[in-house]
Amino acid sequence: MTKVTSLADLKKMKEVLDAERAKYTKHLHVCGGTGCHAAQSIGLDANLKEILADKGLNQEVQVTMTGCFGFCEKGPIVKVVHDNTFYTEVTPKDARDIVDEHIVKGSKINRLLYTDPVTNEQVSDSQQMGFYKKQHRIALRNCGAINPENIEDSIINDGYLALGKVLTQLDAQQTIDIIKKSGLRGRGGGGFPTGLKWDITSKVTADQKYVVCNADEGDPGAFMDRAILEGDPHSVIEAMAICGYSIGASIGLVYIRAEYPLAITRLKMAINQARELGLLGKNILGKGFDFDIELRYGAGAFVCGEETALIHSMEGLRGEPTFKPPFPSVSGYLGKPTNVNNVETFANIPVIINNGAEWFASIGTEKSKGTKVFALAGKINNVGLIEVPMGITLREIIFEIGGGIKDGKKFKAVQTGGPSGGCLTEKHLDTPIDYDNLVEVGSMMGSGGMIVLDEDDCMVSVAKFYLDFIVEESCGKCTPCRIGNKRLYEILEKITQGKGTMEDMERLKNLSSVIKDTSLCGLGQTSPNPVLSTIQNFKEEYLEHIIDKKCRSGQCKALLHYDIEAELCVGCTACKRCCPVNAITGDKKQPHVINQDICIKCGACEEKCAFDAISIKLEKKIHTEHGND
Amino acid sequence: MISKIISEEKTNIIEEVNLASKKEAGDTIQKLDKTATMYTYASTEKGNVKVKLKLSDEKIKKIQEICQLFNNEAGELINVLHQTQHALGYLPAEVQEVIAHSLNVSTAHVYGVVTFYSYFTMIPKGRFPISICTGTACYVRGAEKVLEEFKRQLGIVVGETSADGKFSLSCLRCVGACGLAPVVLVGEKVYGRVSPDGVKAIIEAYKDK
Ligand SMILES: Cc1cc2nc3c(=O)[nH]c(=O)nc-3n(C[C@H](O)[C@H](O)[C@H](O)COP(=O)(O)O)c2cc1C
Ligand code: SF4
Ligand code: SF4
Ligand code: SF4
Ligand code: FES
Ligand code: FES
């Protein structure tokens, strides 16, 4: 590859690439994200290419393997670009029909079209799909639209033009001012104004400064950053260079989870391609600016997403947080001024530079500008990755974009903010989502996990799930977090086993406030949130567990029992034979009985019984010999 | 004969043992000095024993080369550990000692870092490492029941390796395929929408490999 040595060069390259691309009359985009990879999209891509080549159509039709479309639930996805057709659940075998029917004859293949779960109608135009209609894709603009493994595809889509603009037309302060004016806030969870952070770091004098991209993505049900790095790594590289120019840093570091092999591969590829073109390295675009990027690997510790811990981890130490101030902007990696931003924050930067601060600030609410990417998951029809303007309501997200609750069940709650966040209910459905509103109603934006829960979920168990995570991930440096969270977990465990008392409710609240007030870092300071918000919004469920010894969703095993209905039992002995602990007794052709003291509630008998005589009862079985316990 | 190396201490037998699989690689097992503080656990038919591996010269050289790749800089410890684990499969105490020596830091420092990060393991993984996603999306769609079924069928708990060295069991949080929840990984292969009933078929697929 010849080097691009000026902005004019870059623009010329784009023109040539545009012309080359225009030779193709049709484009097929095949999803190559993690979800679709798992569902054989590689075979599909290969089949499409082979069949097109066989027919001599490979000069007319271009097949591109892209990053995630966001609609992973119905993957693998194929998009026929010229008429916006959106095919779902496509198998490698379907490649032939797509070519023969759609490409050659121009007729859409009905069986591969998406059926809207709300209207039950087939939708072929992706812009008309409920899932996409209310989305506004800025950070995800190129995910599902370009080949992330080819820098040329990025350049066709305006990649590195913003860097060119900054280097040729703006000085550092002017660049920072644009970001400030755009109102962009950090997408990693805290929501700190990005321009202000850059400004602070730029004003500290030092012989070396660093730009760090936080790609640790620790929230255990979220994959926004991963999708961006896998689908559009160049936007992050370009943004880090812009940041380096603004604050006066020549080295960028990406701290990325080792558990993300595909993202690492694509990021490395992208960095190498940018270097080959001279878009990273010395004297970028002939403007005397040097910048290069290295990778550092996380090793599975949630707390390392916290910026001071992250920096210690990059230094080869245990990833334990330290007290702020000093902030990384003043003293960070190796004691030098370090600007830490999240992947999604960076992905917004090039578009803001290209389209202007006013454009960006016109999207969103008064204090939260732009869009936010969420990983929408749980008991919802359209699980996937979405990007919505700030200010949208939960109702729009869940019932329009998400297509409503799975299997016609009833909505119960939605959890945002991951282990630091909280559960919101029916009454919050119409709250416009932004940083401040979410905090006001007892949750937080977090990095973008959004888990929808239905009537089958037990809220005490959900709180316990997050506490379990926190106990495992606390770094142990300070006592309230290390011991306090363990105690919180134990109390929740007690309640889910039907051994809770009313005093436990008070204990949960008191302990929570001590942990929040006295922990050193953000992990401990927010760890009781899942407990507090479920107590606030679902107090009656806690009370049922404690007083009635009942779990209405049937999740808490200790609080339910299996029972045989004597009238329905024909005495076939099937259940008796399958019980692993011999808890069932009864003679042939006589009603059988389960001994509750022996039963381990494995559920095998219920499945085995062909006469529906065995069922789950939600209350704890009251043993006659112990009286009412 | 040692059949597997495990994580938990169950007994304290100290004896000379012969680890067939390790021998192939040229390592030998040493009788453990009673005062030794760093050791590797191995399970024998008689129970679990503490052993000390004597690494083959070849392996030691390999580790030293990795350290050299990073200029023996202490600040590169985590990168060194990643590469070493990639090359050897795990990071037993004896390997940590070599690294500590090369980077000129204490073994305790290396040990502190290895145990802090869940990605690093001191127990060799099975040939087909099974990881169950216990991220939130998978949890609400029944990951726990799937995990229970794997434990039951393999007869091991999380963090252990099966006696034949074939399977090991671990949990991880969100692999980015939440749309397919609950998700199970065997090596790098992703299985989506796994139900407890489907567990058997997954294990069967690797039984004869
Ligand atoms: C316990 C904890 C975990 C965090 N995990 C992440 C993470 O996974 N990714 C991330 O970008 N920020 C994470 N953060 C926030 C970072 O500390 C930091 O604020 C952020 O990377 C700054 O970038 P931003 O301003 O662009 O959001 C975490 C914070 C805490 C307290
Ligand atoms: S609050 Fe928890 S995670 Fe944070 S420093 Fe203290 S112990 Fe570590
Ligand atoms: S399987 Fe059903 S019908 Fe047969 S003995 Fe058991 S409870 Fe009765
Ligand atoms: S639930 Fe399981 S343990 Fe209990 S009676 Fe049925 S088969 Fe036996
Ligand atoms: S991975 Fe294909 S749509 Fe998400
Ligand atoms: S939570 Fe399991 S894949 Fe995301």
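Heads up: the structure comes first, above all this text.
As the structure is a prediction and not an experimental result, all values here were calculated from the model.

A look at helix α11 (residues 233–247) of chain A
Residue and element names in this part refer to chain A.
Then, number 1: Taking 1.5 Å as the rise per residue, α11 with 15 residues should run 21 Å; its terminal C-alpha atoms sit 22 Å apart, in good agreement.
Then, number 2: Most of α11 sits out of view: 14 of its 15 residues are buried.
Then, number 3: One or two residues past the end of α11 sits Gly-248, with phi positive at roughly 85°.

Things to note about the packing of aromatic side chains
Residue and element names in this part refer to chain A.
Then, number 1: Under the criterion given, the structure shown has 19 aromatic pairs over all chains.
Then, number 2: Between the aromatic rings of Tyr-245 and Phe-289, the centroid separation amounts to 5.6 Å while the plane-to-plane angle is 80°, which identifies the pairing as edge-to-face. Linking Tyr-245 in helix α11 with Phe-289 in strand β10 (residues 289–298), this pair joins segments that are 44 residues apart in sequence.
Then, number 3: Its relative accessible area of 10% is what places Phe-289 among the buried residues.
Then, number 4: Ring geometry for Phe-399 versus Phe-411: centroids 6.2 Å apart, planes at 65°, classification edge-to-face. One end of the pair, Phe-399, is in helix α16 (residues 394–401); the other, Phe-411, is in strand β14 (residues 411–416), and 12 residues separate them in sequence.
Then, number 5: Following the ring pairs from residue to residue traces out a cluster consisting of Phe-69, Phe-71, Phe-86, Tyr-114, Phe-131 and Tyr-132.
Then, number 6: If you follow Arg-226 out to its NZ or CZ, it ends over the ring of Tyr-260, 4.6 Å from the centre.

Some thoughts on a nonpolar patch on the surface
All names here are of chain A.
Then, number 1: Judged by side-chain polarity, Phe-192, Leu-196, Ile-200 and Val-330 come together as a nonpolar surface patch covering roughly 310 Å² of accessible area.
Then, number 2: You can see Val-330 is positioned in the loop between α13 (307–314) and β11 (338–342).
Then, number 3: Given a relative accessible area of 43%, Val-330 falls into the partly exposed group.

Observations concerning the sheet that holds strand β4 (residues 85–87) of chain A
Residues and elements named next belong to chain A.
Then, number 1: Read from one edge of the open sheet, four strands run β2-β1-β3-β4, paired in mixed fashion. Only two strands of the sheet have a single partner each, and these edge strands are β2 (61–66) and β4. Going from strand to strand, the sheet's axes swing by 20° on average, the running direction of each strand aside.
Then, number 2: Across three bridges, the pairing between strand β1 (residues 26–31) and strand β3 (residues 78–80) is antiparallel. Bridge assignment links His-29 to a residue of β3, and that residue is Lys-79.

Some remarks on the site of ligand 3
Then, number 1: A:Cys569, A:Cys572, A:Thr573, A:Cys575 and A:Cys609 are the nearest of the 13 residues found near ligand 3.
Then, number 2: For the shell around ligand 3, the residue count by class is 10 nonpolar, three polar and no charged.

With respect to the sheet that holds strand β7 (residues 210–215) of chain A
All names here are of chain A.
Then, number 1: Taken together, five strands build an open sheet; the order of strands is β9-β10-β8-β7-β11 and the sheet is mixed. The open sheet terminates on both sides in strands that have one partner only, identified here as β9 (281–284) and β11. Across the sheet, the axes of successive neighbouring strands diverge by a mean angle of 25°, strand direction being ignored.
Then, number 2: Alignment of β9 against β10, held across two bridges, turns out to be antiparallel. Note that in β10 the partner of Gly-281 across the bridge is Phe-291.
Then, number 3: Packed onto the sheet, α13 meets β7, β8 (251–257), β10 and β11 and runs at close to 100° relative to β8.

Things to note about the pattern of salt bridges
Then, number 1: Summed over the entire model, instances satisfying the criterion amount to 43 salt bridges over all chains.
Then, number 2: The closest approach of N and O atoms between A:Arg275 and A:Asp292, which form a salt bridge, is 3.0 Å. Pair noted here: A:Arg275 is in helix α12 (residues 261–277) and A:Asp292 is in strand β10, with a separation of 17 residues, a long-range link.
Then, number 3: Between A:Lys509 and A:Glu506 there is a salt bridge, with its nearest N and O atoms 4.0 Å apart. With A:Lys509 and A:Glu506 both in helix α20 (residues 502–518), this residue pair falls three residues apart, about one helical turn.
Then, number 4: Residue class for A:Lys509 comes out partly exposed when judged on its relative accessible area of 31%.
Then, number 5: A:Glu506 sits in the partly exposed class, given a relative accessible area of 44%.
Then, number 6: Several salt bridges share partner residues, and in doing so they unite A:Glu73, A:Lys406, B:Arg141 and B:Arg193 into one network.

What counts as what
- Residues numbered from 1 in each chain as written.
- Chains lettered and ligands numbered in written order.
- Predicted model: local features only at pLDDT ≥ 70, side-chain atom pairs only at ≥ 80, totals over all residues.
- Heavy atoms only, no water.
- Helix = DSSP H or I, 4+ residues; strand = E, 2+ residues; numbered from the N terminus.
- Expected span 1.5 Å × (residues − 1).
- Buried < 20%, exposed > 50% of the residue type's maximum accessible area, 1.4 Å probe, protein only.
- Phe/Tyr/Trp six-rings, centres within 6.5 Å; stacked < 30°, edge-to-face > 60°.
- Lys NZ or Arg CZ within 6 Å of the ring centre and 35° of its normal.
- Patch = residues over 30% accessible without salt bridge, like charges linked within 9 Å, V, L, I, M, F, W, Y side chains within 5 Å.
- Areas by Shrake-Rupley, 256 points an atom, 1.4 Å probe, with all protein chains shown as cover.
- Salt bridge = Lys/Arg side-chain N within 4 Å of Asp/Glu carboxyl O.
- Pairing = 2+ DSSP bridges.
- Axes fitted to C-alpha atoms, helices over the stretch in contact; angles between N-to-C directions.
- Near = heavy atom within 4 Å.
- Nonpolar A, V, L, I, M, F, W, Y, C, P; charged D, E, K, R; others polar.
- Contact = heavy atoms within 4.5 Å.

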